[in-house]
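These are the residues of each chain, in order.
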Amino acid sequence: MGFKSDLLVCTTVECETGDQMLASMDLAKKEGADIVELCFASLSFSHSSQVEHIFTLRNLPSIVSFGPNYRTSRRRGHCVCRAQQLQVLKRAVQIGVEFIELNHEACTEEHISELKRERSETRIIVSSYLNNEILSREQLGDLIIDMQSTQADVIKLVINVDYITDVAPIFQMLTHSQVPLIARAMGERGLISQLLGPKYGAFMISGSLKGKSELGLPSLCSIKQVYKLHYMNEVTKVFGVVSNPVGHSKGPLLHNPAFRYTGYNGIYVPLLVDDIKEFFRVYSCNDFAGFSVGIPHKESAVSCCDEVDPLALSIGAVNTIIRRPTDGRLVGYNTDCEAGIGAIEDAFRERHNLEECNVSPLAGKLFVLVGAGGAGRAMAFGARSRGARVVIFNRNFERAKSLAVAVSGEALPYECLHDFRPEQGMILVNASAVGMEPNIHQTPVSKAVLKSYELVFDAVYTPRNTRLLQEAAEVGAIVVSGVEMFIRQALGQFKLFTGGLAPEDFMRKVVLEQF
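Every chain begins its residue count from 1, and numbering advances along the sequence as written. Since the coordinates come from a predicted model, pLDDT governs what is reported: local features require at least 70, and pairs of side-chain atoms require 80 or more to be given and counted, while whole-chain, interface and lining totals use all residues. Excluding hydrogens and water, the side-chain values take into account all heavy atoms of the structure.

Colleague: How would you summarise the layout of surface pockets if you had to cite specific residues and measurements?
Modeller: Where empty space is left can be seen by rolling a probe of water-molecule size over the atoms. The calculated volume of the largest pocket comes to roughly 780 Å³. A pocket here means an open set of points on a 1 Å grid, computed over the protein atoms alone, that has protein on both sides within 12 Å along at least five of seven lines. A cavity is instead a set of points where a 1.4 Å probe fits but cannot get out; residues with an atom within 4 Å of a point line either one. Contributing to the lining of the largest pocket are 39 residues, with V293, G294, I295, K298 and A375 lying nearest its centre. Going through the elements one at a time, strand 11 (237-243), helix 9 (251-262), strand 13 (288-293), helix 13 (374-385) and helix 16 (482-498) are the ones with two or more residues in the lining of the largest pocket. The helix count covers DSSP runs of H or I at least four residues long, the strand count covers runs of E at least two residues long, and both are numbered beginning at the N terminus. If one sorts the elements of the lining of the largest pocket by residue count, helix 16 sits on top with five residues. Amino acids are sorted into nonpolar (Ala, Val, Leu, Ile, Met, Phe, Trp, Tyr, Cys and Pro), charged (Asp, Glu, Lys and Arg) and polar (every other residue, Gly among them). In terms of residue class, the lining of the largest pocket is built from 16 nonpolar, 19 polar and four charged. Grid points are joined across faces, edges and corners, and a volume is the space filled by probe spheres set on the points.

Colleague: Explain the sheet that holds strand 11 to me, using residue names and the numbers behind them.
Modeller: Backbone-to-backbone hydrogen bonds pair the strands of a sheet. The strands run either parallel or antiparallel. The six strands are arranged 12-11-13-15-16-14 in an open sheet whose pairing can be described as mixed. The two strands at the open ends of the sheet, each matched to only one other strand, are strand 12 (266-272) and strand 14 (307-308). In this analysis, strands are considered paired if DSSP registers two or more bridges between them. Taken together, the three bridges between strand 13 and strand 15 (residues 320-323) define a ladder with antiparallel strand orientation. When the bridges of strand 15 are listed, G290 appears paired with I322. On the sheet, helix 9 packs against strand 11 and strand 12 and is oriented at approximately 165° with respect to strand 12. By definition in these notes, contact holds between two residues if any of their heavy atoms fall within 4.5 Å. Axis angles are defined between N-to-C directions and span 0 to 180 degrees, where every axis is a line fitted to C-alpha atoms and, for a helix, only to the segment in contact. Each of strand 11, strand 12, strand 13, strand 15 and strand 16 (330-333) touches helix 16; the most contacted strand, strand 15, lies at about 10° to it.

Colleague: Outline the environment of G409, supporting the account with residue identities and numerical values.
Modeller: Here G409 is to be found in the loop between helix 14 (397-406) and strand 19 (410-413). Categorising residues by exposure relies on relative accessible area from a 1.4 Å probe, with only protein chains included: less than 20% of the type maximum marks a residue as buried, more than 50% marks it as exposed, and the intermediate range marks it as partly exposed. Judged by relative accessible area, G409 falls into the partly exposed class, the value being 30%. Distance from G409 to V246, taken between C-alpha atoms, is 31 Å for residues 163 residues apart in sequence. Every residue in contact with G409, bar those within four places of it in the chain, is listed here: V390 and A404.

Colleague: Break down the pairing of strand 20 (residues 426-430) for me, with residues and values.
Modeller: Among the five residues in strand 20, five count as buried, and that is most of the element. Sheet analysis places strand 17 (residues 366-370) next to strand 20, joined by four bridges and oriented parallel. Paired with F367 across the two strands is I427, which belongs to strand 20. Relative to strand 21 (residues 453-458), strand 20 runs parallel, the two sharing five bridges. When the bridges of strand 21 are listed, N430 appears paired with D458.

Colleague: Can you lay out the sheet that holds strand 8 (residues 154-160) for me, pointing to particular residues and giving the numbers?
Modeller: Strand order in the open sheet formed by eight strands is 9-8-7-6-3-2-1-10, with parallel pairing between adjacent strands. Either end of the sheet is taken by a strand with one partner, and the two such strands are strand 9 (181-186) and strand 10 (204-206). Averaged over neighbouring strand pairs, the angle between their axes works out to 25° when direction is ignored. In this sheet, strand 6 (residues 99-103) lies alongside strand 3 (residues 62-65) in parallel orientation, the contact comprising two bridges. Paired with V64 across the two strands is I100, which belongs to strand 6. Lying on the sheet, helix 4 (residues 109-118) is in contact with strand 6 and strand 7 (123-130); it crosses strand 7 at an angle near 150°.

Colleague: Just give me the short version of the nonpolar core, but keep the residues and values in it.
Modeller: Buried together is how nonpolar side chains tend to be arranged in soluble globular proteins. Counting 89 residues, the largest nonpolar core has F40 and L196 as the members making the most contacts within it. Those residues in contact with L196 that lie beyond four places of it in its chain are F171, M232, V238, I267, V269 and F288. Put simply, a nonpolar core is a bunch of buried Ala, Val, Leu, Ile, Met, Phe, Trp, Tyr and Cys residues held in one set by side-chain atoms that sit within 4.5 Å of each other. Within the second largest apolar cluster, 36 residues are counted, among which are F348, V390, A400 and L403.

Colleague: Go over the packing of helix 12 (residues 336-352) against helix 16 with me, naming the residues and quoting the values.
Modeller: Between helix 12 and helix 16, the least distance of the axes is 8 Å, while the angle of their chain directions is 135°. Viewed along their axes, helix 12 and helix 16 adopt a mutual orientation that is oblique. In this structure, the crossing between helix 12 and helix 16 has a hand that is right-handed. Counted together, D336, A339, G340, G342, A343 and D346 of helix 12 and E484, M485, R488 and Q489 of helix 16 form the full contact between these two elements. An angle below 35 degrees is read as roughly parallel, one above 145 as roughly antiparallel, one from 65 to 115 as roughly perpendicular, and any other as oblique. For any pair of crossing helices, the crossing counts as left-handed if the nearer helix is rotated counterclockwise from the farther one by less than a right angle, and right-handed if it is rotated clockwise.

Colleague: I'd like a description of the side chain of K298, backed by residues and values.
Modeller: One can find K298 in the loop between strand 13 and strand 14. N or O atoms within 3.5 Å of each other form a polar contact, as long as, within protein, one can give a hydrogen and the other can take it, and as long as residues adjacent in sequence are counted only when both atoms are side-chain atoms. Within polar-contact distance, the side chain of K298 engages the side chain of D336 at 2.6 Å. Ignoring anything within four residues of it in the chain, the contact list for K298 reads V293, G316, A317, V318, N319, D336, G374 and A375.

Colleague: How would you summarise the environment of V13 if you had to cite specific residues and measurements?
Modeller: Its location among the elements puts V13 in strand 1 (residues 8-14). Through-space distance from the C-alpha of V13 to that of G499 is 43 Å; in sequence the pair is 486 residues apart. Apart from residues lying up to four places away in sequence, V13 is in contact with M21, S24, M25, V36, E37, L38 and C39.

Colleague: Just give me the short version of unusual backbone geometry, but keep the residues and values in it.
Modeller: Only a minority of non-glycine residues have a phi that is not negative, and only a minority of peptide bonds are not trans. Backbone torsion omega between I295 and P296 reads -5°, so that peptide bond is classified as cis. Considering the arrangement of structural elements, one finds P296 in the loop between strand 13 and strand 14. Along the chain, E437 connects to P438 via a cis peptide bond; the corresponding omega equals 10°. Mapping P438 onto the fold places it in the loop between strand 20 and strand 21. Positive phi, normally seen in glycine, also occurs at N353, with a value near 55°.

Colleague: Run through the pattern of salt bridges, naming residues and quoting values.
Modeller: Here, a salt bridge means any Lys or Arg side-chain nitrogen found within 4 Å of an Asp or Glu carboxyl oxygen. Tallied over the full model, the rule gives 29 salt bridges. In this structure, E101 engages K156 in a salt bridge whose closest nitrogen and oxygen atoms are separated by 3.1 Å. You can see E101 sitting in strand 6 and its partner K156 sitting in strand 8, a full 55 residues away along the chain. As far as burial versus exposure is concerned, E101 and K156 are alike and both buried. We note a salt bridge from D287 to K237, for which the minimum N-O separation is 3.6 Å. Taken together, the residues D287 in the loop between helix 10 (276-282) and strand 13 and K237 in strand 11 connect sequence positions 50 residues apart. K237 sits in the partly exposed class, given a relative accessible area of 27%. Within the structure, one salt-bridge network assembled from shared partners comprises D346, R349, E484, R488, E504 and R508.

Below, the structure written as C-alpha cells:
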C-alpha cells in the first residue's frame, strides 16, 4: 500500500478479537488515518497463522507491534511470549506489512538480521518506551544514538513529561536525528509533541479514534479538520493559548481556520502551562510568535513581558502576548477589556435603540462584578472608564479589595452576593469560572436575585448558554454571552498575531457554527 502524503497520521488499534481489529481499522480510515498501528498485545491466538487474515484484509498501511511490554504481552490473563511475538513479526515481514516494531530493550542484532533477511519492503522500527523514567537531555541523546546503531530503518521514542517544557528536547531530537524518528510525549502536557512535531521534521504523528481519547493525543478528526497538519512546514509560526486548564478553550477552532482563510502560515495550539515564566524561558525562539493568555496566568504574565501596552499595564493583566519579530521581545496587550465592555454597551444600545454617542450606557449604572482575576480586572477597569459604579465580589476577599481600590469601587464579602439587591436596573458580570464545563449546573446568584438586574453578562462561553444566562433571560434581563466577548477579543488578538486585519465575518461564522 502506498502513502498519500509526506506526513503520516497514525492511530493505534488494540483489540481482543480479529473482527474488532478490522472494524477499528475501518473507523480509523473513515476518520482520516494514513496508517494504523496493529497492537497484538490483547489479541488471543496460539499461532501466527491466526493473525494472517488481519494482515491480508487490512485496509490501511500498517505497523505490527506488541506495545511497550517487550518481554510478554499480557491483557486479562492472555499472555504472548517473546517467541510468539517474533513469529508474528516474521510473518508480517513475509506478507509485506509496511512496518514492524521491535522494542529496543529486547531486540538483538540477530533478531534484526533475521527479520531483514525475510523482508522485501517492510521497514523495521526500534522503539523505546520510557514510561516511568525521566531522562536528562544528554541521556535522551545517548539513547537516540544507541537506537540508531541497531540499523533500524526508523526509531521510536515515547517518554513521560511532567511539564510542557519537557517536550522541548523532543523537537531538538526530531531536527537532528540521523534516522527517521517517531517521537511522542505522553500525558496532556505532551500534546504539542504531536501538534508541532511536523514543524521539526516528524514524518509520523499519532491521533486517537473517536470515543477512545487518550491524554496527550489529538483526535484524528481534529488533526484533519482543525489543525490540518499536512500544511505545516519548518517556517510555520506557532501561536497558542497558555492556560491551566486548557482543554475547554475554543481558540484552536477559531484561529486555525482564520489562518488558512487569510493564507497566513500559522498554527494555534492548546498549551497546558504550569509555570509561565519557565515556559517563556524555554520556548524563546521567534517561531513561538504569539499567545493568548488564560486562567490563571493573566496577571502573572505581565511580569513575563518586556513591554506592556498602557491599557494592559493599568489593568494589571494581559490576555495577549506577541513576540516582536525584530528583536524577540515579548509585548503584552489586553483585548478582553474593550471586547467585554463593548459587547455590553452594544446590547444596551440594541435593546433601547440608542445611538452611539460620547456617553456610555453604562454611565451611572451599578456594575456588580463576580471575580477579581485577569478577566475581572479587565471588566472592572473598563466599567470604571465608562462611568459605572463598580462593586466587586470574589471568594478571596483581599483580591476583591485590592481591585476595588484600583478602580475606586467597593468590595463586599462573597457570601453577601446572594442577597445583594440595593437597587433595580443593575448590571451583573460573571468573570469567574462558576458555571464553566463541567460544572454547568452552577451559577453565582439565584434566579430570584436576578430580577434586580437589567443586564447579565457571563464571560464563561463553555457552555455557550450557561445556567446564569438561561435564568436571566427567563426573568426578562438583557443577556450577553461570553461567546460575544470571545469573538471580539479573538479579533483583536488575530490582528496582533498577524499584523493585519482580521476576517470578522468569517470568524463570526466559524464561532457560531462551532459553539
